[in-house]
Amino acid sequence: MAGPWSALAAAAAGAGAWAVGASAPVLRSLIACGLTTTGCGIAAHEVLAAGMNPLIALGLAVPAGAAALAHHRNLAGHLSAAELTPATVTKDTGAGTGAGLTSQEQVIAAFWAEYISGPTQTEDRKLIQPGANLEQLVLQVDGSHVVFTGIITLPPGQQVRVREADIASVYHVPTSQIELGDPKHYAPNALPVTVHLKVPAEQPQIAAGAPKTPQELWAAYVGMPEGAMPGTTLTVTRYDGPLDWEGIATRDRRAIGTVNLQDLAGNLDLETIQIALAPGDKPSQMGIRVMREHALMHGTMLSSVVDELAMDSRGYVRAGTYVDGRAALLPLAQPGSGARHLYLVGGSRSGKSGLLEQILLSAHRSGIAVILASPQAGTIAGASLSAYLGDGLDEAMGALRLAYAMLLDREARYRSPAFPFTDPLVLVVIDEAHMLLSESSPYHAEAKAIVEQLTRRSLKRGIGVVLATQTPLAADVGNSTVIRSQLLIGGGAVFLRCARGQGSLIGANAVEGAEGIDLSMIPSQWPGQYAKVADRDMSGLATEVAAAPEDGTFGLGYLLTPGSQAVQFRSLHLDVPPVSLAGGERPVGIEHCDAWRERDAIAQTPMVDKRGKNLIGSLADLLAAAEAAASSQEPAVHHNPAGLHAVPGPARPGGAPAAPDGQELIKPRILELLQEHSIPMTAETIARKLEIPATRVKPRLSELKKQNKVINESGLWRAA
């Protein structure tokens, strides 16, 4: 009866296992054991019925027993593995213990003890809350979801002060992935905590029938006729969730043109700062990037790109980093053509002064001389790198007058626009330009007239203008469309954060290539990175602490170069003072010419009449006006921060100082010069060689001509 009974027993066991929900491996092992036992029992019955030796029937029991033993081992092994699954095991971590923990749990507990609870604390590393141990650690792993839970415990009488941001900083996850129990519902010294170490990518939660994927959203809201980029289709190249993807927008056989960033953000239901555009080589394509955490939050250190601060062969310098990681370049010169302009806009705490310091350093390393006009005295740390510094409102106006005089001087000396630039390039940097150009400024009319002429005429003469204001409003540039249009045509523009209501680049302040950008929408802090002050440290002010790029959005804005779309970028983070990278070298000097030699008198000479009209138009008239002004004033000290390029006046034999005009013997010196050189010279050349203003040389030449000692042929003078 062994066979039938074993079969019935196996069937009953199988039915019972199925009823209690046994796993598939358990059922397979039970079925195999039942079949083996049944077969051995039937064979033993046949042996006994045929009268064969009973020992043979007894031997058939051995396979049956082996099958039962194998089933027992399979069942025990499977249950052991199930019982030891991390998701079902609870451990007491304790401070500094790792008994019974898996390797992953040991790492979690070690990080907690190292940065939060202790037990050790060093001078360089302050624990978040000593003694706040993590107990009853449970680790759960479900595919792409990894989470651990536990209880933060302290001795009775103490209160848990560990916060979500503290735990997020330890495990390098967003604060949104930390869950702490509400102290109202738990004991103050025991709070449950849940940390999602890894979460699956969120999918858009959109109602049935509505667009779901970025491509569908694009087609429904952006590519439609009323959208920000009508007629375009989107190809997604990377997707890590609805707030983290990249793609390429394409318009079939037609240029996309300018894109209104505000409209695009509205179409995608995002903030403007979460979207970045990347124009490509094809006008029919545009790169799109949507970001959860901004790619420029960690910045690019100035010290790491020192070799890129000098001009390259195309006249570009490194200004920062684009949102796609490429180097952001600014043009300071155009080979074979001249200098370049730059329009810089940025409010308080936007990073404008830091970018100006960076530009001064790049000019210094590129051999470009700088005339700096800073109406707000003492605001530019790198002012010592300039050849001429106008620090303060009156002095800044004097720097503008000198820059205009340099333009007139070069126009007089170089008749051809394509001169070989034997003189250095000059950069006229005007910080806080609204203090000179706005209608409320006492120098409004004169400054406006000079800057208009500089932006129109100076590029071919190797003089570029960097004009910085706090807003893009027309009033900041004296309501002059000439100034802003010439700046944008002649170089590029940098737009940084502005005050609310003052940063719109649309309407009356529209800038081609930057349509739809509102600079007041650039936040002062990164999303999710607002400073949290949990404890007060009363040990004193840490004077050596330096700001990190994550502390604010300093330098974040848009860079616009001629012929392109404004692209989001961030200027270099000044981890070291820019002036310290100059190596203690002298600032690049300006060539010795009439305008430079008379710079102090020129800086004090108004160049327009009382009505703000009739700007002086020639170098001779300017020098004459400067001479008249200088004769009625005391000698001034050169405005040169390093004391360079001080040009002494002509000296008498024996080292005596030169006498004023009318007492100095100029005519013998002119005759001696013309007799030594056989080639004819212009009056300006004679003045330059003798280091005497041309306004004093020309009357003496006329007197010598009347005495028949010199001859003038078509403006060229030679000895008779």
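For the structure given in this document, a descriptive report is provided here. Computed from a predicted structure; not experimentally measured.

1. Overview of the overall build of the protein
For step 1, the next point in the chain: Looking only at helices and strands, one finds 19 helices and 22 strands in the protein.
For step 2, the next point in the chain: Residue burial in the protein is summarised as follows: out of 720 residues, 44% are buried.
For step 3, the next point in the chain: Counting only contacts in the protein whose residues sit at least 6 apart along the sequence, the fraction spanning at least 24 positions is 65%.
For step 4, the next point in the chain: Summed over all atoms, the accessible surface of the protein reaches about 35800 Å², with 55% contributed by carbon and sulfur.

2. Some thoughts on helix H5 (residues 103–117)
For step 1, the next point in the chain: The terminal C-alpha atoms of H5, which comprises 15 residues, lie 20 Å apart, in line with the 21 Å expected from a rise of 1.5 Å per residue.
For step 2, the next point in the chain: Contacts made by the buried residues of H5 are with strand S1 (133–142), strand S2 (145–153), helix H6 (164–171) and strand S4 (190–198).
For step 3, the next point in the chain: Immediately downstream of H5, the backbone of Gly 118 shows phi near 100 degrees, a positive value.

3. Focus on the nonpolar core
For step 1, the next point in the chain: Membership of the largest hydrophobic core comes to 88 residues, with the highest contact counts inside it found for Met 229, Leu 264, Ile 430, Leu 467 and Phe 495.
For step 2, the next point in the chain: Dropping the residues within four chain positions of it, Leu 467 is found in contact with Leu 342, Tyr 343, Leu 344, Ile 430, Ala 433, Leu 437, Val 451, Val 477, Ile 483 and Leu 487.
For step 3, the next point in the chain: In this structure, Leu 344, Leu 355, Val 370 and Leu 427 belong to the second largest nonpolar core, which totals 38 residues.

4. Quick notes on empty space enclosed by the protein
For step 1, the next point in the chain: All told, the structure shown has four cavities of 30 Å³ or more when counted by the stated rule.
For step 2, the next point in the chain: Each pocket or cavity is described by its volume, and for the largest cavity that value is around 70 Å³.
For step 3, the next point in the chain: Taken together, Asp 409, Ala 412, Arg 413, Cys 593, Asp 594, Arg 597, Leu 619, Glu 684 and Arg 688 make up the lining of the largest cavity.
For step 4, the next point in the chain: Put simply, the parts of the chain that give the lining of the largest cavity at least two residues each are helix H10 (393–413), helix H14 (594–597) and helix H18 (683–690).
For step 5, the next point in the chain: If one sorts the elements of the lining of the largest cavity by residue count, H10 sits on top with three residues.
For step 6, the next point in the chain: When the residues that make up the lining of the largest cavity are grouped by side-chain class, the tally is three nonpolar, no polar and six charged.

5. Overview of the environment of Tyr 443
For step 1, the next point in the chain: Counting through the fold element by element, Tyr 443 comes out in the loop between helix H11 (434–437) and helix H12 (444–457).
For step 2, the next point in the chain: In sequence terms Tyr 443 and Leu 393 are 50 residues apart; their C-alpha atoms lie 9.1 Å from each other.
For step 3, the next point in the chain: With residues up to four places along the chain from it excluded, the contact list for Tyr 443 reads Leu 393, Asp 394, Met 397, Arg 401 and Leu 436.

6. Here we look at the side chain of Ser 386
For step 1, the next point in the chain: Looking at where Ser 386 falls in the secondary structure, it is placed in the loop between strand S14 (369–374) and strand S15 (388–391).
For step 2, the next point in the chain: What makes Ser 386 buried here is its relative accessible area of 0%.

7. Topic: a nonpolar patch on the surface
For step 1, the next point in the chain: Together, Val 107, Phe 111 and Tyr 115 give the surface a local cluster of nonpolar side chains, amounting to about 250 Å² of exposed area.
For step 2, the next point in the chain: Checked against the element boundaries, Phe 111 lands in helix H5.

8. Digging into the packing of helix H17 (residues 666–676) against helix H19 (residues 694–706)
For step 1, the next point in the chain: Orientation of H17 relative to H19, taken along the N-to-C sense of each, is 80 degrees, at an axis distance of 10 Å. Between H17 and H19, the crossing angle belongs to the class labelled roughly perpendicular. Residues Ile 666, Lys 667, Ile 670 and Leu 671 of H17 touch H19, and the partners they reach there are Arg 696, Val 697, Arg 700, Leu 701, Glu 703 and Leu 704.
For step 2, the next point in the chain: In terms of residue class, the contact of H17 with H19 is made up of six nonpolar, no polar and four charged.

9. Observations regarding the sheet that holds S2
Backbone hydrogen bonds hold the strands of a sheet together, and the pairing may be parallel or antiparallel.
For step 1, the next point in the chain: Reading across the sheet, the four strands line up as S1-S2-S4-S3 and stay open at both edges, with antiparallel pairing between neighbours. Each end of this open sheet is capped by a strand with a single partner; those strands are S1 and strand S3 (178–180). For this sheet the average axis-to-axis angle between neighbouring strands, irrespective of direction, equals 15 degrees.
For step 2, the next point in the chain: Where S2 lies against S4, eight bridges are found, and the strand directions are antiparallel. When the sheet's bridge partners are listed, Thr 153 is paired in S4 with Ala 190.
For step 3, the next point in the chain: Across the sheet, H5 is in contact with S1, S2 and S4; its angle to S1 comes to roughly 140 degrees.

10. Details of the sheet that holds strand S20 (residues 567–571)
For step 1, the next point in the chain: Strand order in the open sheet formed by 10 strands is S10-S9-S20-S19-S18-S13-S17-S16-S14-S15, with mixed pairing between adjacent strands. Both outer strands of the open sheet, strand S10 (327–331) and S15, are each paired with one neighbouring strand and no more. Across the sheet, the mean angle separating the axes of adjacent strands is 25 degrees when strand polarity is ignored.
For step 2, the next point in the chain: Pairing between strand S16 (residues 426–430) and strand S17 (residues 463–469): five bridges, direction parallel. What sits directly across from Val 426, in S17, is Ile 463.

11. Thoughts on the packing of aromatic side chains
For step 1, the next point in the chain: Taken as a whole and assessed by the stated rule, the structure comprises five aromatic pairs.
For step 2, the next point in the chain: On the basis of an interplanar angle of 40 degrees and a centroid distance of 6.1 Å, the ring pair of Phe 111 and Tyr 115 is categorised as tilted. With a gap of four residues between them, Phe 111 and Tyr 115 both fall in helix H5, about one helical turn apart.
For step 3, the next point in the chain: Owing to a relative accessible area of 32%, Phe 111 belongs among the partly exposed residues under this scheme.
For step 4, the next point in the chain: Grouping aromatic residues by their ring pairs yields a cluster made of Phe 111, Tyr 115, Phe 148 and Tyr 171.
For step 5, the next point in the chain: Between the NZ or CZ atom of Arg 599 and the centre of the ring of Trp 596, over which it lies, the distance is 4.1 Å.

What counts, and at which threshold
Residues numbered from 1 in each chain as written. Predicted model: local features only at pLDDT ≥ 70, side-chain atom pairs only at ≥ 80, totals over all residues. Heavy atoms only, no water. Helix = DSSP H or I, 4+ residues; strand = E, 2+ residues; numbered from the N terminus. Buried < 20%, exposed > 50% of the residue type's maximum accessible area, 1.4 Å probe, protein only. Contact = heavy atoms within 4.5 Å. Areas by Shrake-Rupley, 256 points an atom, 1.4 Å probe, with all protein chains shown as cover. Expected span 1.5 Å × (residues − 1). Core = buried A, V, L, I, M, F, W, Y, C linked by side-chain atoms within 4.5 Å. 1 Å grid on protein atoms, 1.4 Å probe; cavity = no way out; pocket = protein on both sides within 12 Å on 5 of 7 lines; lining within 4 Å. Points joined across faces, edges and corners; volume = space filled by probe spheres on them. Nonpolar A, V, L, I, M, F, W, Y, C, P; charged D, E, K, R; others polar. Patch = residues over 30% accessible without salt bridge, like charges linked within 9 Å, V, L, I, M, F, W, Y side chains within 5 Å. Salt bridge = Lys/Arg side-chain N within 4 Å of Asp/Glu carboxyl O. Axes fitted to C-alpha atoms, helices over the stretch in contact; angles between N-to-C directions. Parallel < 35°, antiparallel > 145°, perpendicular 65-115°, else oblique. Pairing = 2+ DSSP bridges. Phe/Tyr/Trp six-rings, centres within 6.5 Å; stacked < 30°, edge-to-face > 60°. Lys NZ or Arg CZ within 6 Å of the ring centre and 35° of its normal.

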